[in-house]
Amino acid sequence: MSNQQRGKLVVGNWKMHGRLAANAALLQAVAQGSGELPADVRVGVCVPSLYLAQAQSLLKGSPVVWGVQDVSAFTHGAYTGEVAAPMVTDFGATFAIVGHSERRAYHRESAELVAVKTQRVLEAGLTPIVCVGETLEEREAGSTEQVVGGQLDEVLAKVSAQEAARLVVAYEPVWAIGTGKSASAAQAQAVHAFLRARLAAKGAADVPLLYGGSVKPENAEELFRQLDIDGGLIGGASLKDQDFLAICKAAAATSVAG
Ligand code: PGA
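Residues numbered from 1 in each chain as written. Predicted model: local features only at pLDDT ≥ 70, side-chain atom pairs only at ≥ 80, totals over all residues. Heavy atoms only, no water.

> I'm lost on the pairing of strand β5 (residues 127-132) in this one. Help?
A regular strand carries its side chains on alternate faces of the sheet. The buried fraction of β5 is high, at six of six residues. Summarising the sheet, strand β4 (residues 95-98) and β5 pair through four bridges and their orientation is parallel. The residue of β5 that forms the bridge with Ala96 is Pro128. (Buried < 20%, exposed > 50% of the residue type's maximum accessible area, 1.4 Å probe, protein only. Helix = DSSP H or I, 4+ residues; strand = E, 2+ residues; numbered from the N terminus. Pairing = 2+ DSSP bridges.)

> Is there a simple way to explain the sheet that holds strand β6 (residues 168-171) in this structure?
Where strands meet in a sheet, backbone hydrogen bonds hold them as pairs that are either parallel or antiparallel. An order of β1-β2-β3-β4-β5-β6-β7-β8 is seen for the eight strands of this closed barrel, with the pairing classed as parallel. Sheet twist, expressed as the average angle between the axes of neighbouring strands with direction ignored, equals 25°. Summarising the sheet, strand β3 (residues 64-68) and β4 pair through two bridges and their orientation is parallel. Note on β4: the bridge partner recorded for Gly67 is Phe95. In this fold helix α8 (residues 144-158) packs onto β5 and β6, with an angle of close to 155° to the strand it touches most, β5. (Axes fitted to C-alpha atoms, helices over the stretch in contact; angles between N-to-C directions. Contact = heavy atoms within 4.5 Å.)

> I would appreciate a short explanation of the site of the ligand in the present structure.
The ligand sits among Asn13, Lys15, His100, Glu172, Ala176, Ile177, Gly178, Gly213, Ser214, Leu233, Gly235 and Gly236. One of the side-chain N or O atoms of His100 is found 2.7 Å from an oxygen atom in the ligand. Separating an oxygen atom of the ligand from a backbone N or O atom of Gly178 is a distance of 2.6 Å. Summarising the interface, the protein chains cover 95% of the accessible area of the ligand, which totals 280 Å² for the free molecule. (Near = heavy atom within 4 Å. Polar contact = N/O pair within 3.5 Å; in protein donor to acceptor, adjacent residues only side chain to side chain. Areas by Shrake-Rupley, 256 points an atom, 1.4 Å probe, with all protein chains shown as cover.)

> Sorry if this is basic, but what is going on with the side chain of Asn219 here?
Of note, Asn219 is situated in helix α11 (residues 217-224). A distance of 2.9 Å separates a polar atom in the side chain of Asn219 from the backbone oxygen of Ser214.

> Can you help me understand the pattern of salt bridges in this one?
Side chains bearing opposite charge may pair, as long as their charged atoms lie close to each other. Overall, the coordinates contain 13 salt bridges when judged by the stated rule. Among the ionic pairs, Arg103 bridges to Asp70, the shortest N-O distance being 3.2 Å. With Arg103 in helix α5 (residues 101-106) and Asp70 in the loop between β3 and α4 (85-89), this pair connects stretches of sequence that are 33 residues apart. Each of Arg6, Arg196, Asp228 and Asp230 takes part in one network of salt bridges that share partners. (Salt bridge = Lys/Arg side-chain N within 4 Å of Asp/Glu carboxyl O.)

> Just to check I follow, could you spell out the packing of helix α2 (residues 20-34) against helix α3 (residues 52-59) for this structure?
For any two helices packed against each other, the geometry comes down to the angle between their axes and how far apart the axes lie. Packing of α2 against α3 leaves a shortest axis separation of 10 Å and a crossing angle of 35°. Considering the relative orientation of α2 and α3, their crossing is right-handed. Within the contact between the two elements, α2 uses Leu20, Asn23, Ala24, Leu27, Gln28 and Ala31 and α3 uses Gln54, Ala55, Leu58 and Leu59. (Left-handed = near helix turned anticlockwise from the far one by under 90°.)

> Would you explain the nonpolar core in this entry?
One recurring pattern in soluble globular proteins: nonpolar side chains tend to sit buried together. In this structure, Val45, Leu195, Tyr211 and Phe224 are the most contacted members of the largest nonpolar core, which totals 67 residues. Those residues within four positions of Phe224 in sequence are excluded, and the remaining contacts are Lys8, Val10, Val215, Ile229, Gly231, Gly232, Ile247, Ala250, Ala251 and Thr254. Among the nonpolar cores identified, the runner-up in size contains 11 residues, and Cys46, Ile97, Ile129 and Leu233 belong to it. (Core = buried A, V, L, I, M, F, W, Y, C linked by side-chain atoms within 4.5 Å.)

> Looking at this structure, I do not really get helix α12 (residues 241-253). What am I missing?
In an α-helix, one turn spans 3.6 residues, which is why side chains three or four residues apart end up on the same side. Taking 1.5 Å per residue, 13 residues should reach 18 Å; α12 reaches 18 Å between its end C-alpha atoms and fits that length. Three or more residues of α12 are buried, namely Phe244, Leu245, Ile247, Cys248, Ala250, Ala251 and Ala252. (Expected span 1.5 Å × (residues − 1).)

> Mind showing me how you'd approach the packing of aromatic side chains here?
How two aromatic rings sit relative to each other is given by the distance of their centres and the angle of their planes. Evaluated as defined, the whole model comprises two aromatic pairs. With a centroid separation of 4.0 Å and an interplanar angle of 5°, the aromatic rings of Phe74 and Tyr79 are classed as stacked. (Phe/Tyr/Trp six-rings, centres within 6.5 Å; stacked < 30°, edge-to-face > 60°.)

> How should I be thinking about helix α10 (residues 185-201) in this particular structure?
Taking 1.5 Å per residue, 17 residues should reach 24 Å; α10 reaches 24 Å between its end C-alpha atoms and fits that length. Among the residues of α10, Ala185, Ala188, Gln189, Val191, His192, Phe194, Leu195, Arg196 and Leu199 are the ones counted as buried. The positive-phi residue at the C-terminal boundary of α10 is Gly203, with phi of around 80°.

Structural data, given as structure tokens:
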């Protein structure tokens, strides 16, 4: 399948931002703006889980889907403060991000834990967005492929080929997240091609591969034109309706229907 046939996917990762009133304005603007996009551009937002019901009520019937930024590794039980994947399903969600570098770094999530969370997300009928990425130190040491390959392999080892085909994978170099310093299109494409090959070996060559890390309206189109970049996972720029929609339009400009 060519990158054009795969279509494009743009997902916002709000992180720990938002309040009811501001969310309502943002969700409504995104829902409205997304109505003008071609059918082969899919748009999603991953909100703090407290706001899932709000996202559901304001996005239902629009082309925009919603999801969360993490789930528990357990389905239920005495895990104070955790949110289980089946609970997320109750709110009509589509996506759950797993393995974001902020969770790996600040919450000490291991590659193995991320793989278990991926299983829980799949079992709940949701689409996992599995994040992988190297630190600046790792890149400079020449170990980017070893790091992202290892992170992906841990997940692929725990899922069947059929399940692997249901994943979305996001390449997010840690040094590019929230820094304003995106990977160049060529740097990102090189890692995406590597990840594509790993997925192909598992029979999942057509998994959407998103790039994340300082994607902005100004750099989105060039990134999205790369052969193995199927869209973006957008942090800071997903909090501003105009910027997020401009990034969605950049995806449309690189899609077949756009
Ligand atoms: P950023 O974050 O777009 O603010 O760099 C991306 C992410 O962490 O998903």
